[in-house]
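# Coordinate inspection notes
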Amino acid sequence: IAADEEHGINATTTELDFTVEFYNEKTHQLVRTVLQGATSQINSGTDVQFDPMHKPFFVGQPFSSTGPNSSIQVYDRKGVFVESINNLHLPASASRIALNPALRRGFVQSSQDGSQLQIFSY
């Protein structure tokens, strides 16, 4: 789960229906969106992170539905797809996304044992 505390938006992913869900704490509205291009449970998201400076949510996707290898799917706080960051190498187990909003860069584990990192820009 990731939270935009300023706007009261929480985001999480679900494995069974390969969606990302955005819950507005103020209005109690839930927006459920199938991950961009996803067609089956294998395309489910894992980690979700939020950039408090630029405001997007990032969803790690070990088995990409938009490009080769793994992806990070980027959404705005309304649940609208923004972009895919493709050709990453996320392990099949949940991989954490670390963000540096000031530099608009992120890091993900790119090995099962967590010994390697891969950098991406957004």
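That block above? That's the structure.
A brief look at the structure comes next. Just so it is clear, the structure is predicted and the values come from calculations on it, not from any experiment.

### As for the nonpolar core
One finds Val 20, Phe 22, Leu 35, Val 48, Phe 57, Val 59 and Tyr 75 to be the most contacted residues of the largest nonpolar core, which totals 13 residues. Sorting the residues of this core by element identifies β2 (9-14), β3 (19-24), β5 (48-50) and β6 (57-61) as the ones contributing at least two each. The residues touching Phe 22, leaving out its near neighbours within four places in the chain, are Ile 9, Asn 10, Ala 11, Gln 29, Leu 30, Val 31, Phe 57, Tyr 75, Asp 76, Arg 77 and Gly 79.

### Quick look at the pairing of strand β9 (residues 97-100)
Pairing geometry for β9 and strand β10 (residues 105-109), over four bridges, is antiparallel. Pairing of Leu 99 across the sheet is with Gly 106, part of β10. The hairpin turn running from β9 into β10, its antiparallel successor, is four residues long, and Arg 104 in that turn takes a positive phi close to 50°.

### What to know about a nonpolar patch on the surface
Where nonpolar side chains cluster on the molecular surface, the patch consists of Phe 107, Leu 117 and Ile 119 and spans about 290 Å² of accessible area. Structurally, Ile 119 can be placed in strand β11 (residues 117-121). On the basis of relative accessibility, which here comes to 47%, the residue Ile 119 falls in the partly exposed class.

### Describing the sheet that holds strand β8 (residues 81-88)
Ordered in space as β5-β6-β7-β8, the four strands form an open sheet in which the pairing is antiparallel. Every interior strand has two partners, whereas the edge strands, β5 and β8, have only one. Shown here is a sheet whose adjacent strand axes are inclined to one another by a mean of 20°, direction ignored. Pairing of strand β7 (residues 70-75) with β8 involves six bridges; the strand directions are antiparallel. Of the residues in β8, the one forming a bridge with Ser 70 is Leu 88.

### A look at the side chain of Asn 43
With respect to the helices, strands and loops of the structure, Asn 43 is situated in the loop between β4 (30-34) and β5. Residue Asn 43 is classed as buried on the basis of its relative accessible area, which comes to 6%. Here Thr 39 takes part through its backbone nitrogen, which lies 3.1 Å from a polar atom of the side chain of Asn 43.

Reading guide: rules and limits
- Residues numbered from 1 in each chain as written.
- Predicted model: local features only at pLDDT ≥ 70, side-chain atom pairs only at ≥ 80, totals over all residues.
- Heavy atoms only, no water.
- Core = buried A, V, L, I, M, F, W, Y, C linked by side-chain atoms within 4.5 Å.
- Buried < 20%, exposed > 50% of the residue type's maximum accessible area, 1.4 Å probe, protein only.
- Helix = DSSP H or I, 4+ residues; strand = E, 2+ residues; numbered from the N terminus.
- Contact = heavy atoms within 4.5 Å.
- Pairing = 2+ DSSP bridges.
- Patch = residues over 30% accessible without salt bridge, like charges linked within 9 Å, V, L, I, M, F, W, Y side chains within 5 Å.
- Areas by Shrake-Rupley, 256 points an atom, 1.4 Å probe, with all protein chains shown as cover.
- Salt bridge = Lys/Arg side-chain N within 4 Å of Asp/Glu carboxyl O.
- Axes fitted to C-alpha atoms, helices over the stretch in contact; angles between N-to-C directions.
- Polar contact = N/O pair within 3.5 Å; in protein donor to acceptor, adjacent residues only side chain to side chain.

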